[in-house]
Each structure stands twice: as C-alpha cells, then as structure tokens.
Amino acid sequence: MKKIIAIVMSLVLFAGVAMLAGCGKKEEKKTLILATSADFPPYEFVGDDGAYAGIDIEVSKLIAEKLGMELQVENMDFNSVISSVQTGKADIGMSGITVTDKRKQSVDFTDSYATGVQVIIVKEGSAIKTVDDLYATGAKYKIGVQLATTGDIYISGDIEDKKMSCSVEEYKTGADAVAALVAGKIDCVVIDNEPAKSFVAANSGLKILDTEYVTEDYAICVSKENTELRDQINTALKELIADGSVQKVVDKYISAE
C-alpha cells in the first residue's frame, strides 16, 4: 500500500511540474527574426551607438509588439534577404523591398507600408540631364546599381531587352556604387531617393536629377509557407497605419519637403 501511495504521489507531482513548465513556456515571448541589409538609410542603418535604426527597424519593432513577440535583427547583404526568408532562416524581410513578379515567385508579400522613388545620382556638370538621356540611341553610359535591388532589376532588364545601349555595374552596397561614381568609374547611380539624399549630402559634387526613374511600393516579405504570419502582419500593419504609428516613424526619418 505504501508503495502504491508513493507511486501515485510521484505521478501527481510529475503532472504538476509538467503543467507549470507548460505554463512557463506559454508566457515566454516568441522571437520574430528580421532579415535586413543595414546600409540603406533612412530605412535601415547602424546608428552612432552601434544599434540598428531606421524606418524598417522601427516599424518591424511595432509589428513585433503587436504580435507579442521579441524582434531579432539579422544584418546581411541585400542579395541574401529574400533567400533567408524563403529558406526559413528569417521570418520576415524588410530592406526597402519592392514587390516584383520575380520576387513573388520566391516569397509572399504583405500590404505596402511605404512608397519609394528610384532616382538618378550624377556628378555636377554631367551630360546626363534626364532619365531619357540613358535611353537615347547610342548612349554608352555606365550605370551603377546595388546588386539585386529594383534599380538593378530595372536597368539590367532594360539592357537585356535592348531598350538601352548603356551598361550596368553592380555593387555590393549603394555606398560602393556612389564611391565608384565619385571616383569617375561610372557615370551615374540609380537608387532609392532617400538614401540618395544621404549619399549626396555626404559627397560634394554630386546631385540628384529632378526627373524620377520609377515610383514603387515597399512591403514585407514572408515565406510562402507562413501565410498565417503574413495575415497577422497585415492586420497589425492596418492598425499601425490607422492610428498614425507608421506615419510617425516615417516623419521621424523623412522630413516633409
């Protein structure tokens, strides 16, 4: 009888411990892993304090809070962001990513949270005055782009389709492309307007052409296998946009002109 009672008490104790352990796990916050390329100010960059900052970083933090999760930022080359999400190494990708048909073959996208404008950076006194100059018959300009960005996709696609006779030079980062422009290795750089402003401000003798190259919407990429997370993020985004939280973040980094 004593042995039976001891066994019963042990089972009860084990069940109690298991229940407490289960409760503890439920209270733990899950991690939302963000893949980004922190060289694209003001959307993502490394601040003076060494911490990640920017529109995408802050918006992703707000989304994580809405979902009751902790944000973990993984910095990498832009060219690796989408593949990291596709293979499950990261939950979401935010790096000023434009929705394109080609990218939709690899990942799903949420609703748009910001609008980007692709512009052209040239040296002062450049023969390139408008976008049309790049498409002029016989034009042989060297156009710099950041690898795998929409600027790269658009320019490379137009060259492949023989819509222009210029050549494209791909660089690991936008800063590398701008450095090549300053050094006279290329004739212009096609990149998003906001980082373009930062690069021009940091390098004398450069300017942004008045004519825009293309306007596009930015969205968050999510694995095609994780439609539940995509829907949860869309719900959170709608709430954050409706209450002005997203606009507040954008205004913090991009002043109205």
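All of these numbers come straight from a predicted model, not from anything done at the bench. (Residues numbered from 1 in each chain as written. Predicted model: local features only at pLDDT ≥ 70, side-chain atom pairs only at ≥ 80, totals over all residues. Heavy atoms only, no water.)

Chemist: Provide a residue-level description of the packing of helix α2 (residues 55–66) against helix α9 (residues 245–253), including the pertinent values.
Modeler: When two helices pack together, their arrangement is captured by the angle between the axes and the distance separating the axes. Interaxial distance between α2 and α9 falls to 9 Å at its minimum, and their mutual angle equals 155°. By the criterion of interaxial angle, the relationship of α2 to α9 is roughly antiparallel. Crossing of α2 against α9: the hand is right-handed. Residues Ile 55, Glu 58, Val 59 and Leu 62 of α2 form the contact with α9, whose participating residues are Ser 245, Val 249, Val 250, Lys 252 and Tyr 253. (Axes fitted to C-alpha atoms, helices over the stretch in contact; angles between N-to-C directions. Helix = DSSP H or I, 4+ residues; strand = E, 2+ residues; numbered from the N terminus. Parallel < 35°, antiparallel > 145°, perpendicular 65-115°, else oblique. Left-handed = near helix turned anticlockwise from the far one by under 90°. Contact = heavy atoms within 4.5 Å.)

Chemist: Summarise the nonpolar core; cite the residues concerned and give the values.
Modeler: For soluble globular proteins, the rule of thumb is that nonpolar side chains tend to be buried together. Among the nonpolar cores identified, the biggest contains 42 residues, and Ile 63, Ile 92, Ile 121, Ile 220 and Ile 233 are the most heavily contacted of them. Apart from residues lying up to four places away in sequence, Ile 121 is in contact with Val 178, Leu 181, Asp 187, Cys 188, Val 189, Ile 191, Ala 196, Val 200, Leu 206, Lys 207 and Ile 208. Core analysis: the second largest hydrophobic core is formed by 15 residues, Val 122, Ala 139, Met 164 and Cys 166 among them. (Core = buried A, V, L, I, M, F, W, Y, C linked by side-chain atoms within 4.5 Å. Buried < 20%, exposed > 50% of the residue type's maximum accessible area, 1.4 Å probe, protein only.)

Chemist: Can you explain the sheet that holds strand β4 (residues 52–53)? Please cite residues and give values.
Modeler: Note: strands within a sheet are paired through backbone hydrogen bonds, in either parallel or antiparallel orientation. Pairing in this open sheet of 3 strands is antiparallel, and the strands run β2-β3-β4 from one edge to the other. Of all strands in the sheet, those with a lone pairing partner are β2 (39–40) and β4, marking the two edges. Examined bridge by bridge, strand β3 (residues 44–46) and β4 share 2 bridges and lie antiparallel to one another. From the neighbouring strand, Val 46 faces β4, where its bridge partner is Tyr 52. (Pairing = 2+ DSSP bridges.)

Chemist: So what about the pairing of strand β9 (residues 167–171)? Which residues, and what values?
Modeler: Summarising the sheet, strand β8 (residues 142–146) and β9 pair through 5 bridges and their orientation is parallel. Counterpart to Val 145 in the pairing with β9 is Glu 170. After leaving β8, the chain enters helix α5 (residues 150–160) and then returns to the sheet as β9, a path that is right-handed. (Right-handed = clockwise from strand over helix to strand, strands pointing away.)

Chemist: Give me the environment of Gln 146: which residues, what numbers.
Modeler: Mapped onto the secondary structure, Gln 146 falls in strand β8. A relative accessible area of 4% means that Gln 146 is categorised as buried. With 44 residues separating them along the chain, Gln 146 and Val 190 place their C-alpha atoms 8.3 Å apart. Not counting residues up to four positions away in its chain, the partners in contact with Gln 146 are Ser 37, Asp 39, Phe 40, Phe 78, Asp 152, Tyr 171, Lys 172, Thr 173 and Gly 174.

Chemist: Which residues make up helix α3 (residues 78–86), and what values do they have?
Modeler: For α3, the complete set of buried residues consists of Phe 78, Val 81, Ile 82, Ser 84 and Val 85. Burial along α3 is one-sided: seen end-on, the buried residues are contained in an arc of 160°. Taken together, the buried residues of α3 touch β1 (30–36), β6 (92–93), α4 (101–104), β8 and β12 (214–222). Where α3 terminates, the next one or two residues include Gly 88, which has phi positive at roughly 85°. (Arc of directions from axis to C-beta.)

Chemist: Describe in detail helix α6 (residues 174–182), supporting the description with residues and values.
Modeler: Considered for burial, the residues of α6 that qualify are Gly 174, Ala 177, Val 178, Ala 180 and Leu 181. In a view along the axis of α6, the buried residues occupy a sector of 155°, so they form one face of it. Here the buried face of α6 lies against β7 (108–123), β8, β9, β10 (188–192), α7 (193–202) and β11 (206–208). One or two steps after α6, the chain reaches Gly 184, where phi turns positive at roughly 80°.

Chemist: Just give me the short version of the pairing of β7, but keep the residues and values in it.
Modeler: Counting buried residues in β7 gives 12 out of 16 residues, a clear majority hidden from the surface. Inspection of the sheet shows β7 paired to β12 by 8 bridges, in the antiparallel sense. Bridging across to β12, Ser 112 finds its partner in Ala 219. Pairing analysis gives 4 bridges linking β7 to β10, with the strands arranged antiparallel. In the strand pairing of β10, Gln 118 is matched with Asp 192. By the bridge criterion, 3 bridges tie β7 to β11 in an arrangement that is antiparallel. When the bridges of β11 are listed, Val 122 appears paired with Lys 207.

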